[in-house]
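Now for the letters of each chain:
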Amino acid sequence: MQFSLAQINRDLTRDAIMSAIGKTILALVIIVALIMMLHFVVIRSIQVIHAALKKFSGGDLSGRIKIGGKDEVQDLAQGINVFIDRFCEMLDQVKQEKRSAQENEERLKVVIDNAGEAIITTNAQGRIQSFNAAAEITFGCTAAEAVGRHMNEFVPDLLEHGPGVRDITGKRKGGKEFPAEVSLSEAQIPDSLESVLI
């Protein structure tokens, strides 16, 4: 049996082409498998994280991200879970502080409303901010009528003299004047200065 050089060359070329086609098909199968694995492992994990963050941003703080494995995506999910836990702790603390502040405010309001002396607070412009029950009796008008009005309508020129104790002439709702002793002090409230008249 004789082989010609051309025949051997054709056979080698055909074998090389078949080998290249086989390697290309194998490479494509591997690429598709890697893409599927990437989708399953990484992209699916990112979708889980995204869904959890969407719930979180919508106000649902109850869920946590559950992803198996020991990779960067798992580390990211764990970090987000820790962040959500800390955020929830801070939120609970803020709610508790708000409740406590509301309770203190209510307690203070009860004390002020039940004080035997008239207590009036004004803002820096002299507009009445609060007017307790004793002030209602003293000046003959309700807190709803007094709040927002200028202090000069009840005690003319009082705020221009600054803090201290002094004898004054007050005005009741109908314009009737009466003598009184008042203590005026200033209180620095965040972003404003208020006057307190007792």
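Fair warning: this is a prediction, and the values are worked out from it, not measured in the lab. (Residues numbered from 1 in each chain as written. Predicted model: local features only at pLDDT ≥ 70, side-chain atom pairs only at ≥ 80, totals over all residues. Heavy atoms only, no water.)

### Let's talk about the overall build of the chain
Consideration 1: Assigned secondary structure in the chain consists of four helices and five strands.
Consideration 2: Counting from the amino terminus, the chain carries its helices and strands in the arrangement α-α-β-β-α-α-β-β-β.
Consideration 3: Radius of gyration (C-alpha) of the chain: 40 Å, far over the 16 Å computed for a compact globule of 198 residues.
Consideration 4: Seen through its principal axes, the chain has C-alpha atoms that stretch 140 × 30 × 25 Å.
Consideration 5: Counting across all 198 residues of the chain, residues that qualify as buried make up 21%. (Helix = DSSP H or I, 4+ residues; strand = E, 2+ residues; numbered from the N terminus. Rg over C-alpha atoms; globule rule 2.2 N^0.38 Å. Buried < 20%, exposed > 50% of the residue type's maximum accessible area, 1.4 Å probe, protein only.)

### A look at helix α1 (residues 5-57)
Consideration 1: Between its first and last C-alpha, α1 extends 74 Å over 53 residues, near the 78 Å set by a 1.5 Å rise per residue.
Consideration 2: Turning to α1, its buried residues number three or more, namely S45, I49 and F56.
Consideration 3: In this structure, the buried residues of α1 make contact with α2 (72-113).
Consideration 4: Of the residues trailing α1, G59 is marked for its positive phi of about 105 degrees. (Expected span 1.5 Å × (residues − 1). Contact = heavy atoms within 4.5 Å.)

### Some thoughts on the environment of A101
Consideration 1: Take A101: it is sitting in helix α2.
Consideration 2: A relative accessible area of 42% means that A101 is categorised as partly exposed.
Consideration 3: In this structure, the C-alpha to C-alpha distance between A101 and E153, residues 52 residues apart in sequence, is 32 Å.

### Section: the packing of aromatic side chains
Consideration 1: By the definition in use, this model includes seven aromatic pairs.
Consideration 2: Arranged with centres 6.3 Å apart and planes meeting at 25 degrees, the rings of F83 and F87 form a pair that is stacked. With F83 and F87 both in helix α2 and four residues apart, this pair spans about one turn of that helix.
Consideration 3: On the accessibility criterion, F83 (48% relative accessible area) is partly exposed.
Consideration 4: Ring geometry for F139 versus F178: centroids 5.5 Å apart, planes at 65 degrees, classification edge-to-face. Residue F139 is found in helix α3 (residues 133-139), and its partner F178 is found in strand β4 (residues 177-189); the two are separated by 39 residues along the sequence.
Consideration 5: On the basis of relative accessibility, which here comes to 5%, the residue F139 falls in the buried class.
Consideration 6: Looking at F178, the relative accessible area reads 9%, which means it is buried.
Consideration 7: Through a chain of ring-to-ring contacts, three or more aromatic side chains come together here, namely F131, F139, F154 and F178.
Consideration 8: Across the ring face of F178, the terminal group of R172 is positioned such that the distance to the ring centre comes to 4.2 Å. (Phe/Tyr/Trp six-rings, centres within 6.5 Å; stacked < 30°, edge-to-face > 60°. Lys NZ or Arg CZ within 6 Å of the ring centre and 35° of its normal.)

### Considering a nonpolar patch on the surface
Consideration 1: On the surface, L26, I30, L34, M37, F40 and V41 cluster together to form a nonpolar patch covering roughly 600 Å² of accessible area.
Consideration 2: Here L26 lies in helix α1. (Patch = residues over 30% accessible without salt bridge, like charges linked within 9 Å, V, L, I, M, F, W, Y side chains within 5 Å. Areas by Shrake-Rupley, 256 points an atom, 1.4 Å probe, with all protein chains shown as cover. Salt bridge = Lys/Arg side-chain N within 4 Å of Asp/Glu carboxyl O.)

### A short note on the side chain of N132
Consideration 1: Along the polypeptide, N132 turns up in the loop between β2 (128-131) and α3.
Consideration 2: With relative accessibility at 1%, the residue N132 sits in the buried group.
Consideration 3: A polar contact is formed between the side chain of N132 and the backbone oxygen of I112, at a distance of 2.8 Å.
Consideration 4: Leave out the neighbours within four places in its chain, and N132 touches I112, D113, A115, E117, A118 and I119. (Polar contact = N/O pair within 3.5 Å; in protein donor to acceptor, adjacent residues only side chain to side chain.)

### Focus: the confidence of the model for the chain
Consideration 1: Per-residue confidence for the chain averages 85 on the pLDDT scale, and 98% of its residues sit at or above 70.
Consideration 2: Looking over the chain, one finds the lowest element-wise mean pLDDT in strand β5 (residues 192-197), namely 74, and the highest in helix α4 (residues 143-146), namely 94. (pLDDT = per-residue confidence, 0-100.)

### Re the environment of M36
Consideration 1: Looking at the element boundaries, M36 is found in helix α1.
Consideration 2: For M36 and N114, which are 78 residues apart along the polypeptide, the C-alpha to C-alpha distance reads 74 Å.

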